[in-house]
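# Close look at the chain arrangement
The lines below spell out each chain.
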Amino acid sequence: MEISIVMPAYNAEKTVGSAIDSVIRQTFQDWELLVINDRSADNTKQRILESAKSDKRIRYVENDRNLGVSETRNQGVSLAKGRWIAFLDSDDAWEADKLKEQAQLIKGTGARFVFTGSAFMNQDGKRLGYCMEVPGEVTFRELLKQNVISCSSVLIEKELMVKYPMAAGNMHEDYAVWLKILKNEGITARGLNRPLLIYRVSAGSKSGNKGKAALMHWRVYRHIKLPLMQSVYYFSFYVARNLKKYRKIWKEAKK
């Protein structure tokens, strides 16, 4: 069960090394890591190449031009050799058993799409006390209410990501793809309720700018052509649930 891990990197010299290290520490060993430099202007390339020296499973890729995160992820999927795709952003990290536990979940359930809960750290790497729990499974309708699937926690069949590439645009492009897959393929995503992803939050992130995040969430509904009244209905769930979540995260971040 080979897993291809896709890691876009843009001006990530301060964090990409620790993200790569968290992959190298995985107890599941049958993986390749594609780190794709999206024309960074800092020392991201050097940091990646330094890490790649220690492990032949790390593949360095450099875009010919700046593509943005969505197209860079699609590029990684197209180059991947594994049957399974995992995504890890260059400022996030994994717990050591992340891939192992997800592989076991897939073998035990036959799932094609799995994800995990999340812990959080601030921009300096300090762990926060809050963890986001996730359900054991999520359907299309439930996912419309709140995106509980963090991109950096996903393990999914490559076939699905090839069929449903991420669209560039000022929205939560990964969320749009998860919704399309669950709706069109008639499957549920399986959740592993353990904080095996460590997500980095900062004032400039999507999580930090709640107004921008809400607008991008709304644009996902329009992108997938959800009827207007249904969009309003499900958006009300998003507002209520995410205000509560972000309040907890930022309370911890300010400590």
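Here's a quick rundown of the structure. (Residues numbered from 1 in each chain as written. Predicted model: local features only at pLDDT ≥ 70, side-chain atom pairs only at ≥ 80, totals over all residues. Heavy atoms only, no water.)

Attention now goes to the packing of helix H7 (residues 173–185) against helix H8 (residues 210–223). As a packed pair, H7 and H8 sit with axes 9 Å apart at the nearest point and diverge in direction by 35°. Between H7 and H8 the crossing geometry is right-handed. For the pair formed by H7 and H8, the contact residues are Tyr175, Ala176, Leu179 and Lys180 on the first element and His217, Val220, Tyr221 and His223 on the second. (Axes fitted to C-alpha atoms, helices over the stretch in contact; angles between N-to-C directions. Helix = DSSP H or I, 4+ residues; strand = E, 2+ residues; numbered from the N terminus. Left-handed = near helix turned anticlockwise from the far one by under 90°. Contact = heavy atoms within 4.5 Å.)

If you look at the biggest cluster of nonpolar residues, it comprises 46 residues, and the most contacted ones within it are Phe113, Ile149 and Trp178. Of all the secondary-structure elements, those providing two or more residues to this core are strand S4 (84–87), strand S6 (113–121), strand S7 (127–132), helix H5 (140–145), helix H6 (158–163), H7, H8 and helix H9 (228–253). Counting residues in each nonpolar core, the second largest holds 30 residues, with Ile20, Leu99, Ala103 and Leu196 among its members. (Core = buried A, V, L, I, M, F, W, Y, C linked by side-chain atoms within 4.5 Å. Buried < 20%, exposed > 50% of the residue type's maximum accessible area, 1.4 Å probe, protein only.)

Taking 1.5 Å per residue, 14 residues should reach 20 Å; H8 reaches 20 Å between its end C-alpha atoms and fits that length. Within the sequence span of H8, burial applies to Ala213, Ala214, Met216, His217, Val220 and Tyr221. Down the axis of H8, the buried side of the element spans an arc of 165°, and every buried residue falls inside it. Note on H8: the residue one or two positions beyond its end, lysine 225, has a positive phi of about 65°. (Expected span 1.5 Å × (residues − 1). Arc of directions from axis to C-beta.)

Here we take up a nonpolar patch on the surface. Together, Leu228, Met229 and Val232 line one region of the surface with nonpolar side chains, adding up to about 320 Å² of accessible area. You can see valine 232 is positioned in helix H9. (Patch = residues over 30% accessible without salt bridge, like charges linked within 9 Å, V, L, I, M, F, W, Y side chains within 5 Å. Areas by Shrake-Rupley, 256 points an atom, 1.4 Å probe, with all protein chains shown as cover. Salt bridge = Lys/Arg side-chain N within 4 Å of Asp/Glu carboxyl O.)

This next bit is on the pattern of salt bridges. Tallied over the full model, the rule gives 15 salt bridges. As a salt-bridge pair, arginine 73 and glutamate 173 come within 3.2 Å of each other at their nearest N and O atoms. A residue pair is termed long-range when its members are at least 10 positions apart, and arginine 73 in helix H3 (residues 69–79) and glutamate 173 in helix H7 qualify at 100 residues. The class for arginine 73 is buried, based on a relative accessible area of 4%.

This next bit is on the packing of helix H1 (residues 16–24) against helix H2 (residues 44–52). Close contact between H1 and H2 brings their axes to 9 Å; oriented N to C, the two are set at 25°. Considering the angle they form, H1 stands roughly parallel to H2. Considering how the two elements wind past one another, H1 and H2 form a crossing that is right-handed. Contacts between H1 and H2 involve Val16, Gly17 and Ile20 from the former and Arg47, Ile48 and Ser51 from the latter. (Parallel < 35°, antiparallel > 145°, perpendicular 65-115°, else oblique.)

Note that glutamine 26 resides in the loop between H1 and strand S2 (31–37). With residues up to four places along the chain from it excluded, the contact list for glutamine 26 reads Trp31, Trp94, Glu95, Ala96, Asp97, Lys98 and Leu99.

Taken together, the three bridges between S6 and S7 define a ladder with antiparallel strand orientation. Each bridged residue has a counterpart across the sheet, and for alanine 119 the counterpart in S7 is cysteine 131. Where S6 folds back on S7, the antiparallel hairpin that results is connected by five residues, among which glycine 125 adopts a positive phi of roughly 90°. (Pairing = 2+ DSSP bridges.)

Spanning 12 residues, helix H4 (residues 98–109) covers 17 Å between terminal C-alpha atoms, matching the ideal 16 Å at 1.5 Å per step. Glycine 110 lies just past H4 and shows a positive phi near 75°.

This paragraph deals with the side chain of threonine 15. In this structure, threonine 15 sits in the loop between strand S1 (3–9) and H1. A polar contact is formed between the side chain of threonine 15 and the backbone oxygen of serine 90, at a distance of 2.9 Å. The residues touching threonine 15, leaving out its near neighbours within four places in the chain, are Ser90, Asp91 and Arg200. (Polar contact = N/O pair within 3.5 Å; in protein donor to acceptor, adjacent residues only side chain to side chain.)

Note on aromatic pairs: each is described by the distance of the centres and the angle between the planes. For the structure shown, the criterion picks out eight aromatic pairs. With 5.3 Å between their ring centres and 50° between their planes, phenylalanine 113 and tryptophan 178 make a pair best called tilted. Of this pair, phenylalanine 113 sits in strand S6 while tryptophan 178 sits in helix H7; the two residues are 65 residues apart in sequence, bridging distant segments of the chain. For tryptophan 178, a relative accessible area of 0% translates into the label buried. Between tyrosine 233 and phenylalanine 237, the ring centres sit 5.1 Å apart and the planes meet at 75°, which makes this aromatic pair edge-to-face. (Phe/Tyr/Trp six-rings, centres within 6.5 Å; stacked < 30°, edge-to-face > 60°.)

Take the pairing of S2 next. Along S2, seven of the seven residues are buried, which leaves the element largely enclosed by surrounding structure. Covered by surrounding structure in S2 are Trp31, Leu33, Val35 and Asn37 together with Glu32, Leu34 and Ile36, the residues of both alternating faces. Inspection of the sheet shows S1 paired to S2 by seven bridges, in the parallel sense. Paired with isoleucine 3 across the strands is tryptophan 31, a residue of S2. Note on the crossover from S1 through H1 to S2: the handedness is right-handed. The sheet contact formed by S2 and strand S3 (residues 58–62) spans five bridges and is parallel. The residue bridging isoleucine 36 from the neighbouring strand is valine 61, located in S3. (Right-handed = clockwise from strand over helix to strand, strands pointing away.)

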